[in-house]
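Coordinate analysis (summary)
Read off the chains here:
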Amino acid sequence: MPAPLLLIGAGGLAREVLAAIRSHDRPQWTPLGFLDDNPDRHGRILDGLPVLGPVEAVDDHPDAAVVLCTASTRDQRSRQRIRQRLGLPEQRYATVLHAAVSLAAGTEVGPGSVLLAGVVVTAPQYIGAHVVAMPQVVLTHDDAVADDVTLAARVSVAGAVQIGPGAYLGAGALVRESLVIGAWSLVGMGAVVLSDVPPGEVWVGNPARRLRSVEVQLR
């Protein structure tokens, strides 16, 4: 029998995660509803499920798994911060894979991660915890994706790339092989990355160059 699941967040990504869960003929999860800190959303119905209350209402459902459905270039640390607030053990976090994901045999995906439709991993690798990979992301051989990374739609990563914790790669970004994308960095939409991106920097353009520092604390 599918296990109960709470979706944290009630925005567009949460709806996409719900659609990924429902994409399976035999779903692993039974979604109970959404939790969101915005009181204006409480009591609303989204795609057939209620917004049950604030994030702390997770305590009302001790048997339910949890998945964090937040991602924004304006707040790269949202998932990390929610985890710290909740203080849940890692085994409470659900990993959600759309039915149209293609993972090479032997690929491991960490707890709390979400891979949406069309994500392709071409050779076995480890994808960290609480990673979000949006539609049509491609990861090739020997990549390493750390915890809390966000990969927006159509990001393509060549082989042997290391993506540090909390990095955010914008839609359509391309990354050349054997590079390092630093922790909590931000790569802009459509950027073509041909050299290492240092931690905590925003890089944009073709070829990608430094624009400024990321407006988040690095600690």
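Anything mentioned here points back to the structure above.
Counting restarts for each chain, with residues numbered from 1 along the sequence as it is written. In keeping with the model being predicted, local features are shown solely for residues with a pLDDT of at least 70 and side-chain atom pairs are shown and tallied solely at 80 or more, while totals for entire chains, interfaces and linings include all residues. Note that the side-chain values use all heavy atoms of the structure and ignore hydrogens as well as water.

Some details on the overall build of the protein
Definition in use: A helix here means a DSSP run of H or I that spans at least four residues, while a strand means a run of E at least two residues long, and both kinds are numbered starting from the N terminus. Radius of gyration means the value over C-alpha atoms here, while the globule rule gives 2.2 Å times the residue count to the 0.38 power. Exposed residues in this analysis have more than 50% of their type's maximum accessible area, buried residues have under 20%, and partly exposed residues fall in between, with area computed by a 1.4 Å probe over protein chains only. Two residues form a contact once any of their heavy atoms are found within 4.5 Å. All accessibility values rest on the Shrake-Rupley procedure with a 1.4 Å probe; residue burial counts only the protein chains present in the view.
Of regular secondary structure, the protein possesses 2 helices and 24 strands. For 219 residues, the compact-globule formula gives about 17 Å, and the C-alpha radius of gyration of the protein, at 17 Å, lands near that figure. The dimensions of the protein, computed from C-alpha atoms along their principal axes, are 45 × 35 × 30 Å. Considering the protein as a whole, with its 219 residues, one finds that 51% of them fall into the buried category. Counting only contacts in the protein whose residues sit at least 6 apart along the sequence, the fraction spanning at least 24 positions is 30%. For the protein, the accessible surface area stands at approximately 9,900 Å², while carbon and sulfur atoms represent 52% of it.

A few points about unusual backbone geometry
Omega for the peptide link from Asn206 to Pro207 comes to -5°, which places this bond in the cis form. If you check the backbone angles, His130 has positive phi at about 60° while not being a glycine. The class for His130 is buried, based on a relative accessible area of 1%. One non-glycine residue, Ala160, adopts positive backbone phi at about 60°. Looking at the element boundaries, Ala160 is found in the loop between strand S16 (156-157) and strand S17 (162-163).

Concerning the layout of surface pockets
Heads up, the rule is: Every definition here rests on a 1 Å grid over the protein atoms only: cavities are sets of points where a 1.4 Å probe fits but cannot get out, pockets are open sets enclosed by protein on both sides within 12 Å along at least five of seven lines, and lining residues have some atom within 4 Å of a point. Grid points are joined across faces, edges and corners, and a volume is the space filled by probe spheres set on the points.
Empty space within the largest pocket amounts to approximately 190 Å³. Every residue lining the largest pocket is counted, 15 residues in all, and those nearest its centre are Leu13, Cys69, Thr70, Ala71 and Ser72. In terms of residue count, helix H1 (residues 12-22) provides more of the lining of the largest pocket than any other element does, 3 residues in total.

Quick look at the sheet that holds strand S21 (residues 186-187)
To keep things clear, this is the line we draw: Here the rule is simple: two strands pair whenever DSSP picks up at least two bridges between them.
What the 8 strands build is an open sheet, ordered S6-S9-S12-S15-S18-S21-S23-S24; its pairing is mixed. Each edge of the open sheet carries a strand with a single partner, namely strand S6 (96-97) and strand S24 (209-213). By the bridge criterion, 2 bridges tie S6 to strand S9 (residues 114-115) in an arrangement that is parallel. Paired with Val96 across the bridge in S9 is Val114.

Digging into H1
For the record, the criterion: The arc in question is traced by the directions running from the helix axis to the C-beta atoms.
When H1 is considered as a whole, its buried residues turn out to be Leu13, Ala14, Val17, Leu18, Ala20 and Ile21. An end-on view of H1 places all buried positions within 155° of arc, on one side of the element.

Looking at the packing of aromatic side chains
Definition in use: Any Phe, Tyr or Trp ring, taking Trp's six-membered ring, that has another such ring centre within 6.5 Å forms a pair; planes under 30 degrees apart are called stacked, those over 60 apart edge-to-face, and the others tilted. The rule for a charge over a ring is simple: NZ of Lys or CZ of Arg within 6 Å of the ring centre, and within 35 degrees of the ring normal.
In the structure shown here, the tally under the stated rule is 0 aromatic pairs. Arg77 extends its terminal NZ or CZ atom over the ring of Trp184, reaching a point 3.9 Å from the ring centre.

What to know about the pattern of salt bridges
Defined as follows: The working definition used for a salt bridge is a side-chain nitrogen of Lys or Arg within 4 Å of a carboxyl oxygen of Asp or Glu.
Following the criterion strictly, the structure yields 7 salt bridges and no others. Salt bridges here are not isolated pairs; linked through shared partners, they connect Asp37, Glu56 and Arg85.

Focus: the sheet that holds strand S4 (residues 49-53)
Selection criterion: Angles shown run from 0 to 180 degrees and are taken between the N-to-C directions of axes, each axis being a line fitted to C-alpha atoms and, for helices, limited to the stretch in contact.
Strand order in the open sheet formed by 5 strands is S3-S4-S2-S1-S5, with mixed pairing between adjacent strands. Two strands bound the open sheet, and with one partner strand each, they are strand S3 (45-46) and strand S5 (65-68). Relative to S4, S3 is paired through 2 bridges, and the arrangement is antiparallel. Paired with Ile45 across the bridge in S4 is Pro50. Each of strand S1 (3-8), strand S2 (29-35), S3, S4 and S5 is contacted by H1, which is oriented at about 170° to S2, the strand it contacts most.

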